[in-house]
Amino acid sequence: MPQRSSQPDRAPGRAPDRPHRVVAVVDENTNPFELGCAIEVFGLRRPETGRDLYDFALCAPEPRTRMRDGFFTLTGVAGLAAADTADTVIVPHRPDVEVPRRPALLDAIRRAHARGARLVSFCTGAFTLAEAGVLDGRRATTHWQWADAFRARFPAVRLEPDVLFVDDGEILTAAGSAAALDLGLHLVRRDHGAEIANTVSRRLVFAAHRDGGQRQFVDRPVPRVPDASLAPLLAWAQEHLDGPLTVADLAARAAVSPATLHRRFRAELGTTPLAWLTGERIALACRLIERGERRLDVVARRSGLGTAAHLRTLMRRETGLTPSAYRRRFGPDADEAGAVSREPAVSRETRRPTETRSETETRSATETRRSTETRRSTDRRFT
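This one's a predicted model, so the numbers in the text were calculated from it and none came from an experiment.

What counts and what doesn't
Residues numbered from 1 in each chain as written. Predicted model: local features only at pLDDT ≥ 70, side-chain atom pairs only at ≥ 80, totals over all residues. Heavy atoms only, no water. Helix = DSSP H or I, 4+ residues; strand = E, 2+ residues; numbered from the N terminus. Buried < 20%, exposed > 50% of the residue type's maximum accessible area, 1.4 Å probe, protein only. Areas by Shrake-Rupley, 256 points an atom, 1.4 Å probe, with all protein chains shown as cover. Expected span 1.5 Å × (residues − 1). Arc of directions from axis to C-beta. Contact = heavy atoms within 4.5 Å. Salt bridge = Lys/Arg side-chain N within 4 Å of Asp/Glu carboxyl O. Pairing = 2+ DSSP bridges.

Colleague: Teacher, can you tell me more about the overall build of the protein here?
Modeller: The number of helices and strands found in the protein is 14 helices and 11 strands. Here the protein holds 383 residues, and the buried ones make up 51% of them. For the protein, the computed accessible surface area is about 17800 Å², with 52% contributed by carbon and sulfur atoms.

Colleague: I keep staring at helix α9 (residues 258-269) and nothing clicks. Help me out?
Modeller: For an α-helix, the turn length of 3.6 residues means that residues three or four places apart are oriented alike. Between its terminal C-alpha atoms α9 stretches 16 Å, which fits the 16 Å expected from 12 residues at 1.5 Å a residue. Along α9, the positions that sit buried rather than exposed are L261, R264 and F265. Taken around the axis of α9, the buried residues stretch over an arc of 100°, which confines them to a single face. Looking at the buried residues of α9, the elements they touch are α7 (231-238), α8 (247-254) and α10 (273-290).

Colleague: In this structure, what is going on with the pattern of salt bridges? I would like to understand it.
Modeller: Close approach of charged atoms lets side chains of opposite charge pair. What the rule picks out here adds up to 20 salt bridges. With its nearest N and O atoms 2.9 Å apart, the salt bridge here joins D191 to R118. One end of the pair, D191, is in helix α5 (residues 179-192); the other, R118, is in strand β7 (residues 118-121), with 73 residues separating them in the sequence. Each of the two residues, D191 as well as R118, counts as buried. The residue R138 makes a salt bridge to D168 at a minimum N-O spacing of 2.8 Å. Of this pair, R138 sits in the loop between α3 (125-131) and β8 (139-140) while D168 is found in the loop between β10 (165-167) and β11 (171-174), placing the two residues 30 residues apart along the sequence. In terms of burial, R138 and D168 fall into one category: buried.

Colleague: Help me understand helix α1 (residues 32-43), please; the structure alone is not making it clear to me.
Modeller: Looking only at α1, the buried set comprises E34, L35, C37, A38, V41, F42 and G43. Where α1 is buried, its residues meet β1 (21-25), β2 (55-60), β6 (88-90), α5 and α6 (194-204).

Colleague: Would you explain the pairing of β2 in this entry?
Modeller: For a regular strand, side-chain orientation follows a simple rule: the groups alternate between the two sheet faces. Summarising burial for β2: 6 of the 6 residues are buried, a large majority. Of the two faces of β2, both are covered, the one formed by D55, A57 and C59 as well as the one formed by F56, L58 and A60. Alignment of β1 against β2, held across 5 bridges, turns out to be parallel. Across the sheet, V22 pairs through a bridge with F56, a residue of β2. Where β2 and strand β5 (residues 78-79) come together, 2 bridges link them in parallel fashion. The residue bridging A60 from the neighbouring strand is G79, located in β5.

See the structure below:
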């Protein structure tokens with residue numbers, strides 16, 4: 001199996017000309033699907049992006065690793081020491097969550113965390129992170145089916161069981177199965193910007209952006225007569241984001257009531273029409289900035305966000321960056337050696353010199369509440 005492929009977040013002490021290195025750790029009974037997601041997102045070259053995105057490798061504690069249910073055995077990968085040079089470590093995920101992880105594996109995760117590497121888990125990989133002790137006091141998620149078992153075993157972790165993924169700065173956790181692709185694309189967006197993430201998603205034939213706060217699982221019966229897909233409506237809306245598009249306009253286009261449209265969005269996308277519309281507008285604003293548009297009033301107008309002030313508020317909320325900071329990192333004149341924030345919610349940049357992380361989080365929560373109050377008043381014009 002190919003070991004290397006293809007750069008962004010600069011880890012402490014990393015040479016500026018070396019690509020961002022992602023190492024996925026494989027252990028006994030690892031799920032092949034999530035491993036495949038990691039390889040698809042981080043391990044394949046993407047010549048259409050015009051750059052190498054990541055340097056990817058697999059590693060394992062043993063020379064031969066039996067994958068889930070013995071479907072196949074993985075050989076020829078690097079030893080566990082490969083994780084010691086990674087900028088991002090993807091930890092193992094497996095269904096036998098009650099089986100303790102190898103001490104050597106847990107030690108490798110602790111070492112990676114201590115030196116500032118980014119840690120990522122897919123599905124039940126959150127159990128691995130929690131067993132290593134790096135999730136205590138942090139937000140995390142896992143597959144909904146194992147949420148109760150996780151909460152009972154790791155009460156010190158702030159589990160969010162009904163979301164697709166959680167970005168808690170340098171530690172990110174995804175829910176079950178396909179949520180691995182959502183988190184993977186989120187990391188590409190965080191490292192390289194929305195334009196590159198969209199290019200990768202098109203190759204994957206997967207939604208470019210599903211917000212991490214969307215529900216993991218929508219329990220509903222199969223309809224006797226299948227509903228028409230929302231896809232034509234979504235495609236039409238994406239072509240008209242620069243206009244005064246409202247939820248009522250979407251409902252009228254779909255020839256349904258706003259309440260019916262809301263139910264269909266919840267059922268098919270796990271989100272609301274307004275949240276989807278806002279997310280699409282923010283994504284468009286990011287692409288405009290990446291393409292070189294420097295006038296914030298123009299970006300706001302062309303993305304349908306109205307004013308530069310509203311654009312700043314929503315971009316900070318959704319990306320953790322102001323428009324100017326986003327331009328410095330992902331615009332056409334971005335400094336290739338510039339570091340990508342590892343803590344978008346409470347970033348190192350915004351932490352005051354004398355503050356502890358707890359004090360910073362408290363201040364950030366206060367600022368978020370104020371931002372929410374402003375947003376509620378300004379969002380009314382778009383509903």
